[in-house]
Each structure stands twice: as C-alpha cells, then as structure tokens.
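Okay, here's what each chain looks like letter by letter:
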Amino acid sequence: MRPATLASALLTAIAGALLMAMMLLTVVDVIGRYVFSAPVPGAFEATEIMLALVVFAGLPLVTGRGEHVQVRLALDGMPGGMRFVLERAAEVLVTLLLAGAAWLLYQRGAALSRYGDATVLLGIPLAPVAFALAALSAVSSIVAVARLVQGCRGALSPTPEIPHDDI
Amino acid sequence: QTTLTVSNWLPPSHPIVKDIVIPWGEAVKEATDGRVTVEVMAAPIGKPPAQYDLIRDGAADIGYGVHGYTPNRFALTTIAELPFLSDSSETLSVAYQKVYDKYLAKANEHEGVKLLAVWTHGPGEIYTVKDPVKDVADLSGKKMRVGGGLANMVADKLGIVPVSAPSPQVYEILSNGVADGILFPPESVPFFKIDTVLKYGTEVPGGLYNTSFFMIMNEDTWNGLSDEDKKAIDGVSGVALAERAGKAWDAADAAGRKTMAEAGMTVTAADEAMVEELHGALAGIEAVFIDAAAAKGVDGVAALKMLHDEAGN
Amino acid sequence: MGLEPWVPGLVALVVLILLGLPIAFGMGLVGTVGLVLLLGPRGAMSIVGQTLFDTGLSYTLSVVPLFILMGNLVTRAGLSDKLYGACHAWLGARRGGLAMATAVACGGFSAVCGSSLATAATMGKVALPSMRRYGTSDSLAAGVIAAGGTLGILIPPSVILVMYGVTTSQDIGALFIAGVIPGLIGVLGYMAAVRVTCMIDPDAGPRGPQTTLRQKLVATRGVGGVLALFVLVIGGIYAGVFTATEAAGVGAFGAFLIALVMGRLTLRSFAEALAETAATTTMMFAVLTGALVFASYVNVAGLPAALTGLADAADWPPFGVLVAILGVYLVLGMVLESLSMVLLTVPIFAPMVEGLGYDLVWFGILVVVMTEISLITPPVGLNVFVLKTVLPDVSVGTIFKGVIPFILADVVRVALILAIPGLALWLPSLMG
Ligand code: NA
Ligand code: NA
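Bear in mind that the values here come from a model prediction, so they are computed numbers and not experimental data.

Enquirer: What exactly am I supposed to notice about the UniProt feature "transmembrane region" (unreviewed entry) in chain A here?
Expert: Residue and element names in this part refer to chain A. Look at the UniProt record and you will see "transmembrane region" (unreviewed entry) annotated at residues 47-64, 85-106 and 126-149. Secondary structure across residues 85-106 comprises 100% helix and 0% strand; the distance between its end C-alpha atoms is 32 Å. In the segment residues 126-149, helix accounts for 96% and strand for 0%; the C-alpha atoms at its two ends are 35 Å apart.

Here is the structure:
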C-alpha cells in the first residue's frame, strides 16, 4: 500500500474507534448509573477529549478529499482560467491557515505543559492533547500542499459542492 | 480618555456582571474623573478556563475567572476554598484579599497580569432532590454535582459520588436523576433555575466549601495608564473591590434563600452532631493549602491563622 | 457616523465565500485578520489558539457526532427506505404526491436524526431516484428535500435545540417537546407548498402509481424501527431516564442494535458509517471553529453592542423588537452556517428577549424555524448544497428556485407561531 493510503486508513480507524468509544462510554455510564448506582467517574472529561481527537483525526481526510464546505455558485459560472486561479488561491490559503492552526495549537500545548494544566476531575494532562491536535493540523497542511500540487498539474477531479455524501 | 474592555462569559443578569463588574467600572470612572471608562463585552471571546490567558495576552483589557478551573496554576488560592471559613462572603472576601496581600502575593501566582482583586462566593451548601441530608451517612453514596477545585476533595472525603457536568447542565442532570443533589452557594440555586427541582437544603456553618475568584487587568494596559489613574483604580480595587464583591454575593445569597423558601424548599441548618461529624471527616484538609504554601516558600500556617482571625472564627 | 469596524469584515467574508474559499477557512481568515487589526497579534493569536483547542473539547457538543452516527446507522439499517416506502404508498398517487410523500418522510426521518443536513442527504438518496423516475421536476424534487430536510433540527432530536438549551439554561426536554407541533405544521406547510407548485406548473409533479390498501398496510409496517428509536430517544428524555447528551449515545447504540437485528450491518458497512460520521463531524467542527473565531471578531468589533443599541434607540414595542430580531436571523441566515448563527446570536438576543417578557422556549422554537429557513436561502444554503451533491447535473440556481415556495411556507409558519405561542408551549406545559 502507498504510504498515503496507509495513513488515511489509520486515521479513519482511529476516528472510528474513538466514535465507538464515545458511544459505548455513554451506554456504560447510563447502565452503570441505573444498575450499579455507579456512573463512570469523569466520563464527561473523557468524552470531551475523544471528541476533540475525532475532529482533528478527520481533518487530513476531509482536507485531502477537498470536502470542506464551500460555495461554488460563482466559481462554476466562471471561465476555466479564472476558476483555475481562484481554486489554487483557495488551496494556498487553506494550506497556510492549517499550518497556522498547527503552530497556534503547538503554542497552546507548550503553554499548557508549562502550567501543567489538566482536566478538573480525572487530572488528564491537556498538553499532549494540544500537541496531538497540532500534529494532525500539520499533517492536514501537508495534505493540502499535496492537493495544491495535484491541482496545478490539473490532476484533480472536479470537487463536489458539498463534498461528502452523508453530511 | 481610555476605554477598557471587560471579557465577559456570564449572562448580564449574573451578580458578577451586574453587581460587581459594572459598578466597579462606574467607580473607576468616578475615581478617574471620567478619564477611564469600563465597557463590558456583549459576548464571550473564550471559555471560562481560558480567561486568564486571554487577558494576559491582551485579547481584552480586563477579565475575571475561577481559580479552580485551572487548578494546577493556582495552588495557594485553595486557602479560600477550605470548608468552615465564614457565613459571609463579604467577611471572607475582605479577609482573603488582606491575607493575599500579606502572604500570598509574593509567590507571584498571577504572573504576567495586574491582579485587581480576589474574592469568594458565599458559603457552599448541600442541596438534594429526594431526601434531606441530616448527617454524614446521608451524604455517603449520593451522586452529587461538584464544580471542581477543593470541593472535589471535600466530596471525596465525605463518600459522595461526584458527578461532573458543566453548570448550564445542572438543571437537566438534577431534574432527570443523573445527580441526586448538588453542592452550590444559595445564590446559584435560583440562578440555574433548580429551585423548582430541589426539595431540601442543608446549610453548613461556615460553608462546606468555597470558590476563589480573580479579576485581572492586562499588564500592558495597566502600564499604559498614568500614575494618577493607576492610583485611582487601585483605590477602588483590592480590598475595596473584594468588599464590593462580597456584599454583592451576600445580597444574591439572601435573595436566593428567599426564592428557595418561596419555591417551597425545606432548608435547615446542619445540627451540632452533623457539624461535628463533618469537622471529623474533613480534619486535616487544610494540609492541601499548607503543603502547597510550603512548596512556594509561603508561611501557610500563619496565612491560614490570619484568614481565620480576620474572618472572625 | 464612522464605519463600524465589523462592516468591512462582513463584506470580506461574503466575497471570499463567493470566490470559493471553504466557509470554515473564510470565517477563520477574516476573523483572525480582523482580530489582529483590532487587538494586535498577541491578543488575536490568544483568542484563535484557544478557540482551536477548546471548540472540540466540549461535552455538550458530543451530541453532534453521536446523533449523526445514529442517523447514519438508521440509514444503513434501511429504515429511511422503509419510511419513504410507506409515505409513497399512501400519498404517491396524488398530483405532486411523490413530493408530498417526501415531505412526510423527511418529517419522519427527522424524528430519529438530529441534523438537517443528514436528513436532507439521506432523503436525497432515498427519495430522489423515485421522484425522478415518475417525472417530478428537478427543481420541485430538490426543493422539497432541501426544505423537508430542515425539519431535522426542529422535530426532536435536534442538535440546534440542544445548543440553544445549553446557552440559555432552558430545559432541553421541554425544548424538544416544544418542537413537535411546529414540526408537524412544517410538514403540512411543505405539502401545501408542493400543492401550490403543482397548481402553477402542472407538469412539475405528475402522479405516481396507484397502490392497493393491502400494499399500503404492508408498507406501513416498515416504520416500526423508526418509531421504536423515537420512543427510546425522545421517550427516554421525556421520562427523565437520561439527559439529551446521553440520549445521543444511547440512540446511536439503539440504531446500531436495530441495524444488527435487521441483518443490515456488516463489519464493512459499520466501518463506513463510522468513517462517514467522522468526516461529517470534522467538517461541521471546522465550520464551527471558523464561526467562533469570526464571532469573536465581530464581538470585539462591537456588532452585538451595535445591535442592542439599535433596539434601544428604536424605542419599538416588544413585539416589534422581536420581529426585528427574526428579521436579523433572516439576513444572517443567508450567509452564515446554522450552528454558528445560533451560537453567535442567541447569547446576545436571548437576554434581550427574556427582558421583553417573552418565554425562552418559545423564542427557541422561533430561532430554530429561522435557522431552518437559513439552510435553504441563498447564497449560503447548506441543504441546497447537499442536494447539489446528490444531483450533480442540476444547477444550484435551479434548486434555489425550487425552494422558494417552501420558504414562503416557512414564513407563514413563523407568523403562526408568533401569533399563537401555544403551538410551541402547549405540549411542554403538559410535562411533569
Ligand atoms: Na430531528
Ligand atoms: Na442561507
């Protein structure tokens, strides 16, 4: 398998596993409360962290497939050359913004690590979470560069207006 | 003519906004002869735990927050979260600010900002949905919503099963039985509209726990003010602001108690036997503060003694 | 009077979005640049960095992926086909009947799906092929699904109502129950809109095939699964068995079990449902994060204060202010994504509306109906874009033209709820 395919499969698996864990954690928490009068301690904090990780694990995938919500109303009515320029310009901006997000999240991680900030109940340290989000944003930015290069070679299939089938 | 913006994450009807921040802003305006005005932002620019960093970095000029939301940053402010400190927010807040100035300030826990004041809310009490709490055994095994900070440790020592949920969700978790009760100051019960869900209250003399608040200003903003304005703002901040905040909480607590009575809640004071039990179960909890103080080179024992003396117990 | 600092930002955002920059990045970029200009780089980066980190770390928002997962699993279980099949059997043979059946099926699917986009996407896949086969015009077919899909956030469960309840400290169970009757009125209104469309253009909605009573009854059995899930989720919340947030997890698990029992779930299709949910979640949170950065910018730039000042200065009667607020939603809804619009405006308007003496549950339903409208108004109508992906050969303009009658039906619905608050408040008043 190509490394890109492998990475994409891995991220999909991680995001899917996290979603399933969120679902099961809720069910176990509810059952624990009613049957054993013992809710899962700090289920709420674990859910929060899993949600953040799901969101960012999906970011390279959504970016790579060009699935971010977009309005193509004006684009579609334009002559090809102008549309090509605007599409590439948008890809450049997306690349830069994702790189910027990675940098800001890295800064956040550094600050959280300096303070030793952790969740209130379970004491889960927050800096590693921020670093993970930063890394996933950085990967997304690299993916966006790859898309830009492909786009310049004219190798992209036309992007759908709303990308994913099952929003 | 300077306008200072206040980052605000509470609704405009909350006592912190309408009775503390806005009147303080008016006091600043008056003290500076109108040279400095204070403007509260209409919508939040970040979550409650983010407020400290936002102000330090200059996202707004002034902000307030809860030390317990980022517990690892503020070890010394646990002094004001201890149980049995005072029945009055005003007394405790003034005492706390004085102790802060004398003992805690030198540890520089509020690094990179100008600290305007610290204060506490009123005494944290016990409220339940189904059964009244008459002794410590009644608390054991109960699922109670606890906000965080030292209150978690209090809950732990009393055998409470802590349920954590963001405060806007307390209505939901109490009304559908996710939690059996809640540890809250009297003000918060009507504020979160749970006076219609809760049936019983048990008030603990001095409070079962408390919460420590800060109000801060961006350092560059502060340094940019004239010496005259700085002096004027200092005059209405510190002990004066802590006193203002404490008075506001006491009034809000009184109003809260009245609303609870009107809603038909049965609120009683813990009897002597229960108070004794609580003191027994929570004995030594102040070590959390004293140890933290020692680690930061602060005389915790002396600070705690001063707090008790100033608070009148 | 000088130019308010939020005006150029709004203009820039509209331009960037129209030029094809993904919405999340447009809002993030304009918001960030605006904040840098207003606060300097350090303060701006602090807000943006915090927003990037904090937005996903939210327990209340965990309902979003879980209700989406529930909808995806319901679709995998084939419940959406069965639901449409039943509606088709009962209504299909009338003029415009297939489109009416679609409106009803959208309402039914909304009872197990918390998102309007998911409802539109699912019903698009289920109902479009048969509407096209029997000659329903593209603009009517797409219009009724885009509009019917909006019911996803009004008929409980609803991601938007959860958000509203959390921001305004209102009982989420009461909000859910309050959405039921306005949701049903929505279905009736959309059926009327189909009728009117067919009166104007008789070729738009030809009749479908006749069905026998027996066929109708057989088809109706297929809605049992949807009903069971609705009772589990909404009944569970109503009876106080779990919170709305927990209901999302329990509902997703229930849909998982139903799909399993119906033999429709393979390891592969389950993995696909999870992957789709993750991708959708990412897209929504990207938009949400961008919207929150943009919201901080307009906040710092003084837009909310300007709005409040406007209301104070106008010295209107309370009802006038309320109608003006709904007008603001109509305008904002043209350009903003639904969740962000609600999160941006409700903290500003709700205290104002409560101060005027209005019930916040009622206001919540009004806000959600306005949000529904925002999903189908140009230039940014997300439900319309969803339909575009299912109908790649139909232009966005054609779809927007198709939704016009449905927008008019929505306006009538808003007027009804304004005139008769009991439409929203009667059912919750019967609760506990
Ligand atoms: Na729904
Ligand atoms: Na719109």
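Enquirer: What exactly am I supposed to notice about the sheet that holds strand S7 (residues 161-163) of chain B here?
Expert: Adjacent strands of a sheet form backbone hydrogen bonds with each other and so pair up, either parallel or antiparallel. Residue and element names in this part refer to chain B. The strand order S7-S6-S8-S5-S9-S11 describes an open sheet built from six strands, whose pairing is mixed. The open sheet has two edge strands with one neighbour each: S7 and strand S11 (266-269). For this sheet the average axis-to-axis angle between neighbouring strands, irrespective of direction, equals 25°. Pairing of strand S5 (residues 125-128) with strand S8 (residues 181-184), which is carried by four bridges, proceeds in the antiparallel orientation. Bridging from a neighbouring strand, Ile-126 pairs with Leu-183 of S8.

Enquirer: Would you take a moment to explain the coordination of the sodium ion (ligand 1) for this structure?
Expert: Tetrahedral coordination by four donors places them ideally at 109.5 degrees to one another around the metal; octahedral coordination by six donors ideally gives 90 or 180 degrees. All names here are of chain C. Taken together, the protein donors to the sodium ion (ligand 1) comprise Ser-110 (O), Cys-113 (O), Gly-152 (O), Ile-155 (O) and Pro-157 (O), at separations of 2.2 to 2.4 Å. Counting the intervening residues between successive donors of the sodium ion (ligand 1) yields the motif S-x2-C-x38-G-x2-I-x1-P. Note that Ser-110 is positioned in helix H6 (residues 97-110) and Pro-157 in the loop between helix H8 (138-149) and helix H9 (159-168), a separation of 47 residues in sequence. Like Ser-110, the residue Pro-157 is buried in the burial classification.

Enquirer: I would appreciate a short explanation of the pairing of S5(B) in the present structure.
Expert: A regular strand places its side chains so that they alternate between the two faces of the sheet. Residues and elements named next belong to chain B. Of the two faces of S5, the one carrying Glu-125 and Tyr-127 and the one carrying Ile-126 and Thr-128 are both buried. Of the pairings in the sheet, the one linking S5 to strand S9 (residues 200-203) comprises three bridges and is antiparallel in character. The partner of Thr-128 across the bridge, within S9, is Tyr-200.

Enquirer: For this particular structure, what's the right way to read the state of the cysteines?
Expert: Covalently bonding the sulfur atom of one cysteine to the sulfur atom of another cysteine gives a disulfide. All names here are of chain C. The tally for this structure, following the rule as stated, stands at zero disulfides over all chains. Unpaired in terms of disulfides, Cys-87 finds its nearest cysteine sulfur in Cys-106, a separation of 9.1 Å. Look at Cys-87 and you get buried, because its relative accessible area is 10%. Using a relative accessible area of 0% as the deciding quantity, one classes Cys-106 as buried.

Enquirer: What is the right way to look at the interface of chain B and chain C in this model?
Expert: Put simply, an interface is often sized by how much accessible area is lost when its parts join up. Taken residue by residue, the interface counts 23 residues in chain B and 29 residues in chain C. Of the roughly 2,200 Å² buried between chain B and chain C, counting both surfaces, carbon and sulfur atoms make up 54%. Along the contact surface separating chain B from chain C lie one salt bridge. Here Arg42(C) makes a salt bridge to Asp57(B), at a shortest N to O gap of 3.1 Å. In this structure, the connection of chain B to chain C is made through six residue pairs in polar contact (both at pLDDT 80 or more). Contributing elements (two or more residues each) for the side of chain B that touches chain C: helix H2 (51-56) and helix H6 (170-175) of chain B. Each residue belonging to the side of chain B that touches chain C can be placed in one class, and the counts come to 14 nonpolar, three polar and six charged.

Enquirer: Teacher, can you tell me more about a nonpolar patch on the surface here?
Expert: Judged by side-chain polarity, Ile31(A), Tyr34(A), Val35(A), Phe36(A) and Val241(C) come together as a nonpolar surface patch covering roughly 500 Å² of accessible area. Tracing the sequence through the fold places Val35(A) in helix H1 (residues 3-35). For Val35(A), a relative accessible area of 57% gives the class exposed.

Enquirer: What is the right way to read the pairing of S8(B) from this model?
Expert: Residues and elements named next belong to chain B. Here S8 shows no split at all, with Gly-181 and Leu-183 on one side and Ile-182 and Phe-184 on the other all buried. Relative to S8, strand S6 (residues 143-145) runs parallel, the two sharing two bridges. Of the residues in S8, the one forming a bridge with Arg-145 is Ile-182.

Enquirer: Just checking my understanding: could you explain the packing of helix H20 (residues 382-390) of chain C against helix H21 (residues 396-419) of chain C for this structure?
Expert: When two helices pack together, their arrangement is given by the angle between the helix axes and by the axis-to-axis distance. Residues and elements named next belong to chain C. Closest axis-to-axis distance for the H20/H21 pair is 10 Å, and the angle between their directions is 125°. Classed by the angle they form, the pair H20 and H21 counts as oblique. The two elements H20 and H21 meet at a crossing, and its hand is right-handed. On the side of H20, the interface is formed by Val-384, Phe-385, Leu-387 and Lys-388, while H21 contributes Val-396, Ile-399, Phe-400 and Val-403.

Enquirer: What is the right way to read the pattern of salt bridges from this model?
Expert: Two side chains of opposite charge can pair, provided their charged atoms sit close to one another. Tallying each qualifying case throughout the model produces 27 salt bridges over all chains. Between Asp53(B) and Arg108(A) there is a salt bridge; the shortest N-O distance is 2.5 Å. A residue pair is termed interchain when its members come from two chains, as with Asp53(B) in helix H2 and Arg108(A) in helix H4 (residues 80-115). A relative accessible area of 1% places Asp53(B) in the buried class. Between Asp410(C) and Arg413(C) there is a salt bridge, with the nearest N and O atoms lying 2.6 Å from each other. One end of the pair, Asp410(C), and the other, Arg413(C), are both in helix H21, three residues apart, so they sit about a helical turn from each other. Considered together, Asp410(C) and Arg413(C) belong to a single accessibility category, that of buried residues.

What counts, and at which threshold
- Residues numbered from 1 in each chain as written.
- Chains lettered and ligands numbered in written order.
- Predicted model: local features only at pLDDT ≥ 70, side-chain atom pairs only at ≥ 80, totals over all residues.
- Heavy atoms only, no water.
- UniProt positions renumbered as here; feature names shortened; annotations may be inferred.
- Helix = DSSP H or I, 4+ residues; strand = E, 2+ residues; numbered from the N terminus.
- Pairing = 2+ DSSP bridges.
- Axes fitted to C-alpha atoms, helices over the stretch in contact; angles between N-to-C directions.
- Donors = N, O, S within 2.8 Å, 3.2 Å for Na, K, Ca; no water.
- Buried < 20%, exposed > 50% of the residue type's maximum accessible area, 1.4 Å probe, protein only.
- Disulfide = S-S within 2.5 Å.
- Contact = heavy atoms within 4.5 Å.
- Buried area = accessible area lost by both parts, 1.4 Å probe.
- Salt bridge = Lys/Arg side-chain N within 4 Å of Asp/Glu carboxyl O.
- Polar contact = N/O pair within 3.5 Å; in protein donor to acceptor, adjacent residues only side chain to side chain.
- Nonpolar A, V, L, I, M, F, W, Y, C, P; charged D, E, K, R; others polar.
- Patch = residues over 30% accessible without salt bridge, like charges linked within 9 Å, V, L, I, M, F, W, Y side chains within 5 Å.
- Areas by Shrake-Rupley, 256 points an atom, 1.4 Å probe, with all protein chains shown as cover.
- Parallel < 35°, antiparallel > 145°, perpendicular 65-115°, else oblique.
- Left-handed = near helix turned anticlockwise from the far one by under 90°.

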